[in-house]
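# Chains, contacts and geometry: an overview
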Amino acid sequence: GGAASLLQAPLAAARCGAWRGFASAAPLETPPIEMIRNVAIIAHVDHGKTTLVDQLLKQSGMGIKVTERMLDSKDLEMERGITILSKATRVTWNGYLFNIVDTPGHADFGGEVERVLSMVDGVVLLVDMVEGPKAQTKFVLQKAMSHPKMKPIVVINKVDRPQVRELGEVENEIFDVFATMATSDEQLEYPTLYASGKQGFCARTLQEARSPDRPTTMLALFETIRDSVPCPKPAEVDPATIAADERCKGFSMLVSQMDRLPGLGPTVTGKVFSGQIQKGEKIIAKGLDGEILATGKVKEITIVQGVTREPMKQARAGDIVAVSVTGFIPKWTQTLVSHKDVPPVPCMPIDPPSISVRASVNDSPLVGKDGKNITMLSIGDRLMKEAMTNPAIDIQESPQRDYFEIRGRGEMQIGILIEEMRREGFEMTLSPPSVVKTLGEDGVWMEPWEDVMVEVDNEHSSMVIERMSQRGAKVVDVRTDGDRQCMKFEVATASFMGMRGWIRDASGGTAVIVAEFKELRVQGPPAKRERNGVLICNTAGMATSVDLGKAGRLGPLFITEGIDVYPGMIFGENRQNELDIDTNISKPHDGYKKAESHPPAQEKTLEQALAYILDDEKVEVTPKRIVMRKAILDPRERANAAKAALKMR
């Protein structure tokens, strides 16, 4: 550690005193491989995963000031309370190095989970004391258990909450989950710990956790990880290759995560599967089939210690580090190797994208009122950056360069990306989502199908099954578990579109929905339309309460008074039939007319709006509003286009 602290002495002097202790506590070199433990944390949204990791950092003696929820660094993650980008954090404790990798708890971000699991030898399953294991958790756990050597540790969290469940009930539920998934008997002999991430303690029994002299630290968890999880085993490399590659000894690393870091450029975070690597070495990218795709150099090797990124001299097999490269941009599922004879690390290919949305310039009359990034160039730039670091998103530019097609593996991913762009000041127009189809070898169009698992309260299940079968879904399995019912369906992605929101609303927000890509099948007939006509503004101005009150008799409204409107904007639904109604809601009033009361507006979120609109409609997205509108704003032109379309039929 001497060299490391010398390097940091000038830095230490510049910063506060706490830093110096931190530098000496953690020499920045890979420790011997038997001292390394790589674990992933699996937990349901809100079961306290991030808080628990923060406690481990705080108590590991690394001298870091911990901010609330350290791993969730994106604003959206903080707000939605979900972890989207899995991050690796190093915790050093008593000479051991724990690399703790966070897994995304959302099935929509699939593919990422498998790559994260390829880096670790054990998983910590974190379960809420009151809620028990949840559907999303089972999805990730099943992927982990498919590796027979994976060692599970169960941590029952939030034990400081008042007791509402029978003793042993949560434990039995967890055991049932393992019994259906385990691929080896050893996986069923997992240790169970009881913790409170918030209060920062962990105990080996529930009695101990509830007793007055309960432990005050996470020691039990540190020791259990040390004793239960095996150290990483380097991948085998042919001795002839090692001899030929004396400096790196057959280095290989799977691209598990990609980032673009300021000052470092394209950076790959992953586990060193074999050999070792230093700064400045030549590096080769290989595909899954072993062909050489690109060559470049190692610009820097860094690690995240707590919250700061530190440079590292050399990374050796078993460690999880970030390698910044120059000369090419690595892609997921590629392997970085130091010699042409080192074999690539086997891994699963990424699921193909299933849903696409077209994003183009905002061409409504109110363009540029809220946002600052409104040109095609800036939208394209931002989307291309996203595609580089987000495996679930794929971007294609149209031949005429008038729109970009955003392809993703689910409505939620596209929704999150656009939500992020809104916050960054982007304005754009989005088309209705469509399904990404593939042309089969025999010239037949294939469309994606999904395995969908829905868990709802018993009273809502018949409603969900009925609605799903109307959409052409096949019921594969129905299981009742107490007052909840778990249903499995096979359904075409096209038919499932917009169903998430419907199920969530119908169940009062209690439903859990997990959808996973199944396979491509021959394209079926298009899903039928289930929607009434809409109410459309025919003048520009500001919506008044008097006119909205009148329009409210026709059907539910989507906007409130005082909002700027323009011709062609959709502001409500026609309750009667499928006809669209044009009306004026921005007449000037002299204040003598009393506004009628109308039910509150049902303002739509981005995901709801995209699911709601039809082919001749679009969604206008700006930092301040999400509005639905007709693609052709002028009513006369719209009528002519509709007539022309009828003739074409």
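Positions within a chain are numbered from 1, following the residues in the order the chain's sequence is written. Residue-level local features of this predicted model are given only where pLDDT is at least 70; pairs of side-chain atoms are given and counted only at 80 or more, and the full residue set underlies all totals for whole chains, interfaces and linings. For side-chain calculations, the full set of non-hydrogen atoms in the structure is used, while hydrogens and water are omitted.

### Section: the overall build of the protein chain
Secondary structure assignment for the protein chain yields 18 helices and 34 strands. Buried residues are those whose accessible area, probed at 1.4 Å on protein chains only, stays under 20% of the maximum for their type, while exposed residues exceed 50% and partly exposed ones sit between those limits. When the 649 residues of the protein chain are sorted by exposure, 53% land in the buried category. In this text, helices come from DSSP runs of H or I with a minimum length of four residues, and strands from runs of E with a minimum of two, each type numbered from the N-terminal end.

### What to know about the pattern of salt bridges
The working definition used for a salt bridge is a side-chain nitrogen of Lys or Arg within 4 Å of a carboxyl oxygen of Asp or Glu. Inspection of the entire model under this criterion finds 33 salt bridges. Of the charged contacts, one joins Glu-186 and Lys-151 as a salt bridge, the two residues approaching to 3.9 Å between their closest N and O atoms. Taken together, the residues span a long stretch of sequence, with Glu-186 in the loop between helix H7 (169-181) and strand S6 (192-196) and Lys-151 in strand S5 (residues 151-157) at a distance of 35 residues. Using a relative accessible area of 28% as the deciding quantity, one classes Lys-151 as partly exposed. In this structure, the salt-bridge partner of Arg-401 is Glu-397, at a minimum N-O distance of 3.1 Å. Residue class for Glu-397 comes out partly exposed when judged on its relative accessible area of 36%. Within the structure, one salt-bridge network assembled from shared partners comprises Asp-451, Lys-474, Glu-490, Lys-518, Glu-519 and Arg-521.

### What to know about a negative patch on the surface
Each patch is built from residues lacking any salt bridge and having more than 30% relative accessible area; the joining distance is 9 Å for like charges and 5 Å for nonpolar side chains (Val, Leu, Ile, Met, Phe, Trp, Tyr). The method behind every accessible area is Shrake-Rupley, applied with a 1.4 Å probe, and residues are considered shielded solely by the protein chains displayed. Positive residues here are Lys and Arg, negative ones are Asp and Glu, while His and the chain termini are left out of the count. One atom stands in for each charge, and that atom is NZ of Lys, CZ of Arg, CG of Asp or CD of Glu. On the surface, a cluster of negative charge is made up of Asp-176, Glu-459, Asp-481 and Asp-483. Inspection of the secondary structure puts Asp-483 in the loop between strand S25 (474-481) and strand S26 (484-492). Residue classification places Asp-483 among the exposed positions, given a relative accessible area of 56%.

### Points about the confidence of the model for the protein chain
The quantity known as pLDDT measures the predictor's confidence residue by residue, on a range of 0 to 100. Averaged over every residue, the pLDDT of the protein chain is 84; the share at 70 or more is 88%. The contact rule is simple, with two residues in contact once any of their heavy atoms fall within 4.5 Å. Predicted confidence is poor over residues 1-27, with pLDDT under 50, and the contacts of this stretch with residues over four places away or in other chains come to 22 contacts. Confidence drops under a pLDDT of 50 for residues 78-86, and excluding neighbours within four residues, the segment shows 41 contacts in the predicted structure.

### Considerations on the packing of aromatic side chains
By convention, a stacked pair of Phe, Tyr or Trp rings (six-membered ring in the case of Trp) has centres within 6.5 Å and planes under 30 degrees apart, an edge-to-face pair has planes over 60 apart, and any other such pair is tilted. In the structure shown here, the tally under the stated rule is six aromatic pairs. With 4.3 Å between their ring centres and 25° between their planes, Phe-178 and Tyr-190 make a pair best called stacked. In this pair, Phe-178 is assigned in helix H7 and Tyr-190 in the loop between H7 and S6, connecting sequence segments 12 residues apart. With respect to class, Phe-178 is no different from Tyr-190; both count as buried.

### Brief notes about helix H11 (residues 376-389)
A helix is expected to span 1.5 Å for every residue after the first. With 14 residues, H11 extends 21 Å between its outermost C-alpha atoms, agreeing within 8% with the 20 Å of an ideal straight helix rising 1.5 Å per residue. Where H11 is concerned, the buried positions are Met-376, Ile-379, Gly-380, Arg-382, Leu-383, Glu-386, Ala-387 and Met-388.

### Quick notes on the environment of Ile-581
Examined against the element boundaries, Ile-581 turns out to sit in strand S32 (residues 581-583). Overall, the relative accessible area of 26% leaves Ile-581 in the partly exposed class. Placed 45 residues apart in sequence, Ile-581 and Ile-536 show a C-alpha to C-alpha distance of 6.0 Å. Once residues lying within four places of it in the same chain are set aside, the contact partners of Ile-581 are Val-534, Leu-535, Ile-536, Leu-554 and Asn-574.

### Section: the pairing of strand S4 (residues 122-128)
Residues in a regular strand point their side chains to alternate faces of the sheet. Of all seven residues in S4, seven are buried; the element is thus mostly enclosed. Side chains Gly-122, Val-124, Leu-126 and Asp-128 of S4 all project onto a buried face; the interleaved residues Val-123, Leu-125 and Val-127 project onto the opposite face, where all are buried too. Strand direction decides the pairing type here: strand S1 (residues 36-43) and S4, joined by five bridges, are parallel. Pairing of Ile-42 across the sheet is with Leu-125, part of S4. Here seven bridges tie S4 to S5, and the two strands are oriented parallel to one another. Any two strands with at least two DSSP-identified bridges between them are counted as paired.

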